[in-house]
Amino acid sequence: MPDSFDISSLVRKNILELNPYSSARNEFSGSASVFLDANENPFNTPLNRYPDPGQKELKQAIARLRGQAVENLFLGNGSDEGIDLLFRVLCEPGKDNVITVDPTYGMYAVCAKINDVERRSVMLTEDFSLNASAVLEAVDQNTKMIFLCSPNNPTANSLEMEAILKIIDSVNCMVVVDEAYIDFSSSKGVLSLLSEKKNLVVLQTLSKAWGLAGIRLGMLFAHSDLVRFLSAVKYPYNINALTLKEALSALREPKRAELWVSTILEEREGMVSDLVSMDIILEVKPSDANFLLVRVEDPGALYTFLMKQGIIIRDRSSVPLCEGCLRITVGSAEENRSLIDTLRTYRSS
Ligand SMILES: *Cc1c(COP(=O)(O)O)cnc(C)c1O
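Note that this is a predicted model, so its numbers are computed, not measured.

1. Digging into the overall build of the chain
Next up, step 1: Counting its regular elements, the chain contains twelve helices and eleven strands.
Next up, step 2: Here the C-alpha atoms of the chain give a radius of gyration of 22 Å, agreeing with the 20 Å that 2.2 N^0.38 yields for 349 residues.
Next up, step 3: Each of the three principal axes of the chain carries a C-alpha extent, and together these read 70 × 50 × 30 Å.
Next up, step 4: Looking at the chain as a whole, 50% of its 349 residues qualify as buried.
Next up, step 5: Across the chain, contacts joining residues at least 24 apart in sequence account for 70% of those joining residues at least 6 apart.
Next up, step 6: Of the accessible surface of the chain, which amounts to about 16,900 Å², a share of 50% is contributed by carbon and sulfur atoms.
Next up, step 7: Averaging the coordinates of the 36 positive side-chain charges in the chain and doing the same for the 46 negative ones gives two points 4 Å apart.

Below, the structure written as structure tokens:
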């Protein structure tokens, strides 16, 4: 990426020209004693009021926690909103393309399809590592984004930092690094590079380590120019009042999430040693996340057996490079014990 790199050169013309919707809460956001500007109901406080469209208080809390500036942060209804908005802001349907490194999180492909954007798939190597040259070979002048998921779902490993950096430094498009599982990882991730890499986008979420998948809060860190375009395109009140409140309260207690993470990591190590000792388990892939990818003789049969015992895991055996593999989330000590005890009663037929 040259020094002259300008994000607006990647943005669709209709978005450059967009005059965003301006809500009542946009036009006046200070304090007052009487609010008669938004056609709200005066009863049922506080939920009668529209939430802050700029999510100022929550953004300040997250920015502080992550050591970033508020203008580099976009909040979405899950990471999925950020992913979809990136397509809508950057990719001209029927013309532009994106690159995914597979196997990976399915949402990139779904959003590409919905937005009628070509997706070029580059495979990870057999040992799930990132081949930077193969990615760079797939890039052309219509490539707008490269998605890198680290730690990667479903392979559970982190991608090599050196390869990630090589890609960021070699291209003229955005590189989106999805760090949904970063809190479980031994790698510290790429967020600290944001200020020096204009074409870097980092996705994080409250859905995993923070235990808040139900409130739908995704964080997207990027250059302030890109954050401005995303904010102009989002629904005005994309983060609802209940989510703002729950997220703020969780962020006041970061130690609680840290404790969950260390408990889950201990549980993961226990599960790994239990699983590798079983002859039905052929391989447990190294994990840098809160789930394990395990290879077995007959994944379909094992999946069905567990399901009949009320234990649901994910069959990933039809995914290229994951042949024979099941994905198992690390649960509570009781849940993991129940999984292991049940597996011990399994005899492959
Ligand atoms: C779980 C997950 C997410 C989280 O998505 P949300 O919409 O924030 O819940 C994002 N990326 C990956 C790779 C995931 O596995």
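So that's the structure; there's more coming.
2. Considerations on the packing of helix H3 (residues 56-66) against helix H9 (residues 241-251)
When two helices pack together, their arrangement is captured by the angle between the axes and the distance separating the axes.
Next up, step 1: Contact pair H3 / H9: the axes reach a minimum separation of 10 Å and the direction vectors enclose 30°. What the angle tells us is that H3 and H9 run roughly parallel. Considering how the two elements wind past one another, H3 and H9 form a crossing that is left-handed. Two secondary-structure elements touch here, H3 through Glu-57, Leu-58, Ala-61, Ile-62 and Leu-65 and H9 through Leu-244, Ala-247, Leu-248 and Leu-251.

3. Some remarks on the site of the ligand
Next up, step 1: In the neighbourhood of the ligand, 13 residues make up the surrounding shell, with Tyr-181, Thr-205, Ser-207, Lys-208 and Arg-216 lying closest.
Next up, step 2: Side-chain polar atom of Asp-178 to a nitrogen atom of the ligand: 2.7 Å apart, as the coordinates give it.
Next up, step 3: In isolation the ligand offers 390 Å² of accessible surface; the protein chains occlude 93% of this area.
Next up, step 4: Tallied by class, residues from the shell around the ligand come to four nonpolar, five polar and four charged.

4. Notes on the domain arrangement of the chain
In many reports, interface size means the accessible area that the parts give up when they come together.
Next up, step 1: Each domain of the chain was delimited in the assignment, giving domain 1 (7-22 + 52-252) and domain 2 (255-343).
Next up, step 2: Distance from the C-alpha centre of domain 1 to the C-alpha centre of domain 2: 27 Å.
Next up, step 3: The interface of domain 1 with domain 2 comprises 25 residues on the first partner and 21 residues on the second.
Next up, step 4: Summed over both sides, the interface of domain 1 with domain 2 buries roughly 1,700 Å², with 67% coming from carbon and sulfur.
Next up, step 5: In terms of surface lost to domain 2, no three residues of domain 1 exceed Pro-154, Ala-156 and Phe-184, which account for 37% of the buried area on that side.
Next up, step 6: For the interface between domain 1 and domain 2, the tally reads zero salt bridges.
Next up, step 7: The tally of links from domain 1 across to domain 2 stands at five residue pairs in polar contact (both at pLDDT 80 or more).
Next up, step 8: Taken together, the residues that form the side of domain 1 that touches domain 2 break down as twelve nonpolar, ten polar and three charged.

5. Overview of the pairing of strand S11 (residues 325-329)
Next up, step 1: Among the five residues that make up S11, four are buried, leaving the element largely enclosed by the rest of the structure.
Next up, step 2: Bridge analysis of strand S10 (residues 314-315) against S11 gives two bridges, and the strand direction is antiparallel. Residue pairing in the sheet places Arg-314 in a bridge with Arg-327 of S11.

Reading the values: the criteria
Residues numbered from 1 in each chain as written. Predicted model: local features only at pLDDT ≥ 70, side-chain atom pairs only at ≥ 80, totals over all residues. Heavy atoms only, no water. Helix = DSSP H or I, 4+ residues; strand = E, 2+ residues; numbered from the N terminus. Rg over C-alpha atoms; globule rule 2.2 N^0.38 Å. Buried < 20%, exposed > 50% of the residue type's maximum accessible area, 1.4 Å probe, protein only. Contact = heavy atoms within 4.5 Å. Areas by Shrake-Rupley, 256 points an atom, 1.4 Å probe, with all protein chains shown as cover. Lys, Arg positive; Asp, Glu negative; His and termini not counted. Charge placed at Lys NZ, Arg CZ, Asp CG, Glu CD. Axes fitted to C-alpha atoms, helices over the stretch in contact; angles between N-to-C directions. Parallel < 35°, antiparallel > 145°, perpendicular 65-115°, else oblique. Left-handed = near helix turned anticlockwise from the far one by under 90°. Near = heavy atom within 4 Å. Polar contact = N/O pair within 3.5 Å; in protein donor to acceptor, adjacent residues only side chain to side chain. Nonpolar A, V, L, I, M, F, W, Y, C, P; charged D, E, K, R; others polar. Domains from an automatic or database assignment. Buried area = accessible area lost by both parts, 1.4 Å probe. Salt bridge = Lys/Arg side-chain N within 4 Å of Asp/Glu carboxyl O. Pairing = 2+ DSSP bridges.

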